[in-house]
Amino acid sequence: MWWPNGPFEWRSADRAPELEPGQIHLWVVMPEAMRMMFEEPRYRRMLSERERYRASRIADPVKQRLYVAGRAGSRVLLECYTGAGHTGLEFVSGPRGKPELRRSACYGGLKFNYTVSADHALYGFARNRNLGVDMEIFPRSVAADRFSRRILTAREIRSWGGIPADQANNAMLCCWTRKEAYGKLLGVGIRYAMNRVTLFNRLERDHWHTGVAGLFEGGSPVPGGRLCGIQVGLPVAGAAALMFDRGAAEPEFRTLTPSRSFWDRQD
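Predicted model only: the values in this text are computed from it and were never measured. (Residues numbered from 1 in each chain as written. Predicted model: local features only at pLDDT ≥ 70, side-chain atom pairs only at ≥ 80, totals over all residues. Heavy atoms only, no water.)

Asks: Quick question: what am I supposed to make of the overall build of the chain here?
Replies: Across its full length, the chain holds seven helices and eleven strands. Counting across all 267 residues of the chain, residues that qualify as buried make up 51%. Long-range pairs, those at least 24 residues apart, make up 56% of the contacts in the chain between residues at least 6 apart in sequence. Roughly 13,100 Å² of accessible area belongs to the chain as shown, and the carbon and sulfur atoms make up 48% of that amount. (Helix = DSSP H or I, 4+ residues; strand = E, 2+ residues; numbered from the N terminus. Buried < 20%, exposed > 50% of the residue type's maximum accessible area, 1.4 Å probe, protein only. Contact = heavy atoms within 4.5 Å. Areas by Shrake-Rupley, 256 points an atom, 1.4 Å probe, with all protein chains shown as cover.)

Right, here's the structure in full:
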């Protein structure tokens, strides 16, 4: 068994829990660890020269902190999964700009993605399976009706009318996490036609399947582009979503936070 002895330290060894084929590991990083990664120089030094320059250009101190801590956290966890020091890790951009490990095959086909929100971070790791994650920490207020007109498909809008007014704000945040996780899986973030991809036609459904749409073929699903999604349960108040290549089998989905001492199975 593996457990944290601090925000990013393991008692057994300097490696992460074994990531088996078909599994997806999700890490929820809490504000204490995020502050440490921003404030301590040893974590800042993990960033590349380009990343440190980009951080220096972020005028908003909150966004700068999230950027630095988020990038540093990805380096720490990638070190643990690969066994390589951060200076040995090299990154490339995928066809649409998504960061990937160079020579990923040398590390068992390791794939990763992450997101930050309100001094929290969510990281996802898998082998030989693309994935995208997004998270929004509550409370956060959004113009739910205006967003609904901009990002929902016609099918989703029909369902949206049945959502009680007092649930609309958080329901829209759940919807947004699905839409952004989809875009991050494909490497485009939010730069796609969200109103062509149905992911949120039923509020109570926390697992779903979809094809690749909104990017190609005039918005029609691409044959063979089968993707899976899960609305993620968090140890804090918020909404999060995970999307991944379907592959041969459904993944074993697990989370671990720095405050917990065991793997917590999410059904």
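Next comes the rest of the account.
Asks: Would you explain the side chain of Lys-184 in this entry?
Replies: Looking at the secondary structure, you find Lys-184 in helix α7 (residues 168-186). A polar contact is formed between the side chain of Lys-184 and the backbone oxygen of Tyr-114, at a distance of 2.4 Å. At 3.1 Å, the side chain of Lys-184 and the backbone oxygen of Val-133 are in polar contact. Apart from residues lying up to four places away in sequence, Lys-184 is in contact with Lys-98, Asn-113, Tyr-114, Thr-115, Leu-131, Gly-132, Val-133 and Gly-189. (Polar contact = N/O pair within 3.5 Å; in protein donor to acceptor, adjacent residues only side chain to side chain.)

Asks: Would you take a moment to explain the layout of surface pockets for this structure?
Replies: Regions of empty space are outlined by a rolling probe, equal in size to a water molecule, passed over the atoms. The volume enclosed by the largest pocket comes to roughly 1,800 Å³. As for the largest pocket, its lining consists of 47 residues, and the residues nearest its centre are Arg-54, Tyr-67, Arg-71, Tyr-114 and Lys-184. Those elements giving two or more residues to the lining of the largest pocket turn out to be α3 (49-56), α4 (61-82), β2 (91-93), β4 (110-117), β6 (131-137) and α7. By residue number, the principal contributor to the lining of the largest pocket is α4, which donates seven residues. (1 Å grid on protein atoms, 1.4 Å probe; cavity = no way out; pocket = protein on both sides within 12 Å on 5 of 7 lines; lining within 4 Å. Points joined across faces, edges and corners; volume = space filled by probe spheres on them.)

Asks: Explain the environment of Gly-22 here, please?
Replies: Structurally, Gly-22 is set in the segment before β1 (23-29). Overall, Gly-22 belongs to the partly exposed group, its relative accessible area being 26%. In the structure, Gly-22 is positioned 106 residues away from Asn-128 in sequence and 8.7 Å away in space, judged by C-alpha atoms.

Asks: How should unusual backbone geometry be read in this particular structure?
Replies: Note: most peptide bonds trans; most residues except glycine with negative phi. For the peptide bond that leads from Phe-138 to Pro-139, omega is -5°, which places it in the cis range. For Pro-139, the position within the fold is in the loop between β6 and α5 (144-151). One non-glycine residue, Asp-119, lies in the positive phi region at around 65°. Mapping Asp-119 onto the fold places it in the loop between β4 and β5 (120-127). Its identity as a non-glycine residue notwithstanding, Asn-128 has a phi of 55°, on the positive side. Of note, Asn-128 is situated in the loop between β5 and β6. Residue classification places Asn-128 among the exposed positions, given a relative accessible area of 64%.

Asks: Just to check I follow, could you spell out the nonpolar core for this structure?
Replies: Nonpolar side chains in soluble globular proteins tend to end up buried together. Core analysis: the largest hydrophobic core is formed by 32 residues, its most contacted members being Leu-110, Tyr-123 and Phe-125. Of all elements in the fold, only β1, α1 (31-39), α4, β4 and β5 reach the threshold of two or more residues within this core. Ranked by residues supplied to this core, first place goes to α4 with nine residues. Discounting residues that sit within four places of it in the chain, Leu-110 has contacts with Leu-19, Leu-78, Tyr-81, Thr-82, Leu-101, Ser-104, Phe-125, Ala-126 and Arg-127. In this structure, Ala-144, Leu-152, Trp-160 and Met-243 belong to the second largest nonpolar core, which totals 31 residues. (Core = buried A, V, L, I, M, F, W, Y, C linked by side-chain atoms within 4.5 Å.)

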